[in-house]
Amino acid sequence: MLIAIDHGNKQIKLPEGRVFTSGLRESDARPPFGEDILKYKGKYYTISDKRIPFLRDKSVDDRFYILSLFAAAYEIEDSGRYEPGLITVHILCGLPPSHFGTQYERFEKYFKRGAVEEFEFRDKKFKIYIKEATAFPQAFAAAMPVYGLINSYPKVMVIDIGGFTADYLSIRNGQADLTVCDSLEHGVIILYNQITARVNSDLDLLLDESDIDAILKGEHNNFNSDVKRIVNETAQTFISDLFGKLRERAIDLRSGKTVFVGGGSILLRKQIEAFGKVASPIFVDKISANAKGYELLYRASKRG
């Protein structure tokens, strides 16, 4: 069974749209509330709203492995393929383009532990064997859902605004050009920190990330006009700074196609469009685009 997982710094995303925070709460005793409880090696785990601090290398400890067990259990149940016997799975995962060459082998081995993993989830017993793991470059994968629209262009720039990083990758004549890619520490977590610091300083008010998301999305909320102004102004400056960093790297988005992917691009679409210096932008409005792209790339590789 193929299980594609986008291991974001902010959220874990699965191909069909299931999303949960990249955060874990561990306990020795079973939590008194909730049904999404995973028991593994004598410990109980639940998903926490408090995300794991940024890790450049997610294989340094078991937290993202355990989050992957949650993801596998969700995918197995959602697909109707649960059974109490052994389930063999193939993990599809990804890394930022600039980290891909140095980390992909280690990240694949992180999942291939050569043992049957037994755990309980929602009071069901799971036995899975991770037979294989395959990593793909993020950003390129996220562009796959719109590949038919861009593969005929000689130059396409993909911008993936994620939790902690903003990745860019050039696609030339339908092929990823890994000589023109990088990961900038300019993701939405940085924006959250900028906004909370400014609102606290100017208005003596503490915002959390969900408050900021609601304001940027224009959803109904109880915040006054000063709070909304600061949030939107800071977000616009954040996008201007991002494009300034790209310009310093001789990347001009006023020519060619530009594909915006990732949760940050969805959240900040209004600011990107207001910037006014991006020719022919295409927005992939599915937060699970990378995970879906892993599936598409894997199946394409099998077809040759």
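Within every chain, residues take consecutive numbers counted from 1 along the sequence as written. This being a predicted model, a pLDDT of at least 70 is required before a residue's local features are given, and a value of 80 or more before pairs of side-chain atoms are given or counted; all residues contribute to the totals for chains, interfaces and linings. Side-chain metrics in this entry use all non-hydrogen atoms of the structure; hydrogen atoms and water are not considered.

Caption draft 1: How the structure looks around the overall build of the protein chain. The helix count covers DSSP runs of H or I at least four residues long, the strand count covers runs of E at least two residues long, and both are numbered beginning at the N terminus. Scanning the protein chain from terminus to terminus reveals nine helices and 15 strands. The reference for a compact globule is 2.2 Å times residues^0.38; the radius of gyration itself is calculated from the C-alpha atoms. The C-alpha atoms of the protein chain give 20 Å as radius of gyration, which agrees with the globular expectation for 304 residues (19 Å, within 12%). Considering only C-alpha atoms, the protein chain reaches an extent of 55 × 55 × 30 Å along its principal axes. Burial classes follow relative accessibility: with a 1.4 Å probe on protein chains only, a residue under 20% of its type's maximum area counts as buried, one over 50% as exposed, and anything between as partly exposed. By residue count, 51% of the 304 residues in the protein chain fall in the buried class. Residues scored as positive are Lys and Arg, those scored as negative are Asp and Glu, and His as well as the terminal groups of each chain are ignored. By convention, charge coordinates are those of NZ in Lys, CZ in Arg, CG in Asp, or CD in Glu. The centroid of the 42 positive side-chain charges in the protein chain is displaced by 4 Å from the centroid of its 41 negative side-chain charges.

Caption draft 2: Seen up close, the nonpolar core. Only buried residues count toward a nonpolar core. Its members are Ala, Val, Leu, Ile, Met, Phe, Trp, Tyr and Cys residues joined through side-chain atoms within 4.5 Å. Formed by 39 residues in total, the largest nonpolar core has its most connected members in Phe-70, Ile-91, Phe-111 and Phe-119. Elements supplying a minimum of two residues to this core: strand 6 (38–40), helix 1 (63–78), strand 8 (86–95), helix 2 (97–111), strand 9 (116–121) and strand 10 (124–137). Only heavy atoms matter for contacts: two residues are in contact if any of them lie within 4.5 Å across the pair. Dropping the residues within four chain positions of it, Ile-91 is found in contact with Ile-3, Ile-5, Phe-111, Ile-130, Glu-132, Ala-133 and Thr-134. Formed by 32 residues, the second largest nonpolar core is a distinct cluster that contains Leu-207, Ile-215, Leu-242 and Leu-253.

Caption draft 3: Representation of the sheet that holds strand 4 (residues 19–21). By definition, two strands form a pair when at least two bridges between them are found by DSSP. Strand order in this open sheet of three strands is 2-3-4, and the pairing throughout is antiparallel. The open sheet has two free edges, formed respectively by strand 2 (6–7) and strand 4, since each of these has just one partner strand. Alignment of strand 3 (residues 11–13) against strand 4, held across three bridges, turns out to be antiparallel. Within strand 4, the position partnered with Gln-11 by the bridge is Thr-21. Sitting on the sheet, helix 1 touches strand 2, strand 3 and strand 4, and the angle it makes with strand 4 is about 150 degrees. As a rule, the C-alpha atoms of each element are fitted with a line to give its axis, helices using only the stretch in contact, and angles between N-to-C directions run from 0 to 180 degrees.

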